[in-house]
Amino acid sequence: MDNPFKFSGVVEDRAFCNREKEQKELRQYIENSQNVLLYSHRRYGKTSLILKIFGGLKKVMPVYIDLYGTTRVEEFIASFLKGISAVESQMGRLIKMVREGVRSIGVNFGIDAITGLPTATPVFSKAVEDRTIEEIFAIAENVSRKKKMVVAFDEFQEVAAYGGAVFEKRLRKAIQRHENISYIFAGSQRHLLAEIFDDKNRAFYMAATGYPLGKIETGHYVEWISRLYDNADRKIQERFIEDVIKRCENHPMYVQEFFFNVWMEEDLSFELLDRIEQRILGKRIPEYSYIWDSLTLNQKRALKLIAGTRGDNVFAAENLDKYGFRTGSQVTAALSHLGQLGILEKDKRWAIHDPFFRKWLS
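Residues numbered from 1 in each chain as written. Predicted model: local features only at pLDDT ≥ 70, side-chain atom pairs only at ≥ 80, totals over all residues. Heavy atoms only, no water.

### Considering the overall build of the protein
Scanning the protein from N- to C-terminus turns up 16 helices and 9 strands. Seen through its principal axes, the protein has C-alpha atoms that stretch 65 × 60 × 35 Å. A buried classification covers 47% of the 362 residues belonging to the protein. For the protein, the accessible surface area stands at approximately 18,800 Å², while carbon and sulfur atoms represent 47% of it. (Helix = DSSP H or I, 4+ residues; strand = E, 2+ residues; numbered from the N terminus. Buried < 20%, exposed > 50% of the residue type's maximum accessible area, 1.4 Å probe, protein only. Areas by Shrake-Rupley, 256 points an atom, 1.4 Å probe, with all protein chains shown as cover.)

### Here we look at unusual backbone geometry
Working note: non-glycine residues mostly have negative phi, and peptide bonds are mostly trans. Residues other than glycine seldom take positive phi values, yet Arg-43 does so here, at roughly 70 degrees. Mapped onto the fold, Arg-43 is located in the loop between strand 1 (36-39) and helix 2 (46-55).

### So, the pairing of strand 5 (residues 148-154)
Of all the 7 residues making up strand 5, 6 are buried; the element is thus mostly covered by neighbouring parts of the structure. Where strand 2 (residues 60-66) and strand 5 come together, 7 bridges link them in parallel fashion. In the sheet register, Val-63 faces strand 5, and the bridge partner there is Val-151. (Pairing = 2+ DSSP bridges.)

### Focus: the pattern of salt bridges
All chains considered together, the criterion is met by 23 salt bridges. Residue Arg-19 is joined to Glu-22 by a salt bridge in which the shortest nitrogen-to-oxygen separation is 3.2 Å. The exposure class assigned to Glu-22 is buried, which follows from its relative accessible area of 16%. (Salt bridge = Lys/Arg side-chain N within 4 Å of Asp/Glu carboxyl O.)

### So, the side chain of Gln-330
With respect to the element layout, Gln-330 can be found in helix 15 (residues 328-340). Only 2.8 Å separates the side chain of Gln-330 from the backbone nitrogen of Arg-326, close enough to count as a polar contact. Other than its neighbours up to four places away in sequence, Gln-330 contacts Asn-298 and Phe-325. (Polar contact = N/O pair within 3.5 Å; in protein donor to acceptor, adjacent residues only side chain to side chain. Contact = heavy atoms within 4.5 Å.)

### Digging into the packing of aromatic side chains
Applying the stated rule across the entire model yields 29 aromatic pairs. Centroid distance Phe-137 to Tyr-183: 6.2 Å. Interplanar angle 55 degrees. Geometry classified as tilted. Note that Phe-137 is positioned in helix 5 (residues 130-144) and Tyr-183 in strand 6 (residues 181-187), a separation of 46 residues in sequence. Summarising the burial analysis for this pair, Phe-137 and Tyr-183 share the class buried. The ring of Trp-263 carries Arg-234 above its face, with NZ or CZ at 4.4 Å from the centroid. (Phe/Tyr/Trp six-rings, centres within 6.5 Å; stacked < 30°, edge-to-face > 60°. Lys NZ or Arg CZ within 6 Å of the ring centre and 35° of its normal.)

Purely spatial values, then, with no claim about function.
In structure tokens, the structure reads:
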């Protein structure tokens, strides 16, 4: 049996662990045409969850639009047209659908080299007009009149960097009257998403129901991993499963990566798990070193402060002195910037959300 664990790319089929509660709740939002703000840390399985749900929809047409890496409005439009092309598998009907809807820009048609399906690509000979946004969203609205639709924008926070307030207003205006479409705004940079959806002066204020995606419970992991071993006529003791999950702090990607390595071993021991942990940590050193080298001195001190205190009493005089801070305001500024970078998160207290990065710091 091939290794069932997968820690890079989209996780599917047997490598997908549980998330049954999340699937049920999000499916209810989708089927009732409600907008959702789905956010999580990177590598928590957000995209895999979206595509898992999409694969099981019967009465709703799914459209997935990946905005990661887009840097301007033209690229947003190109990503949208690529996504909406998936609703029509016949080239002739796709051409008719797009050309009847989009008149402010040129559009080329071809075959996607990966999927083998027809796809539409915009051609920009001049600046994007306001009505171009209206036109591409009108295509989705027209399709939704025949069958309900869900449109997922993955890494939606990207638009904050290049769209600005005017672009956000165009988007909100284009979608606000769509009664048969559920829009999922998914992202991994919480501070940017909060600025877009929580600021009452922004166009998307209160435009979607917030849905934070958390870690997977230990019990769900144990059941899933035990079943994978049973299916391969192999055995693994529950104590080893729980130990690995604890080391990874239930982080979905690290649990997958750790068990990818464990799967290749026959005789398990805690000493072996120690070696696997060090092996995974060693592979991350270049990535962590790059992050570390990009930080200011106070930001580095703040990371050590959080790693050393686990976020407890960070402003205590002895802790400020121990980690080289003269004032609490220095700590506040450094923590705020680390939060914006996505290195730290704050719920009740500041924490490093990547457990292996914290191990490296320590």
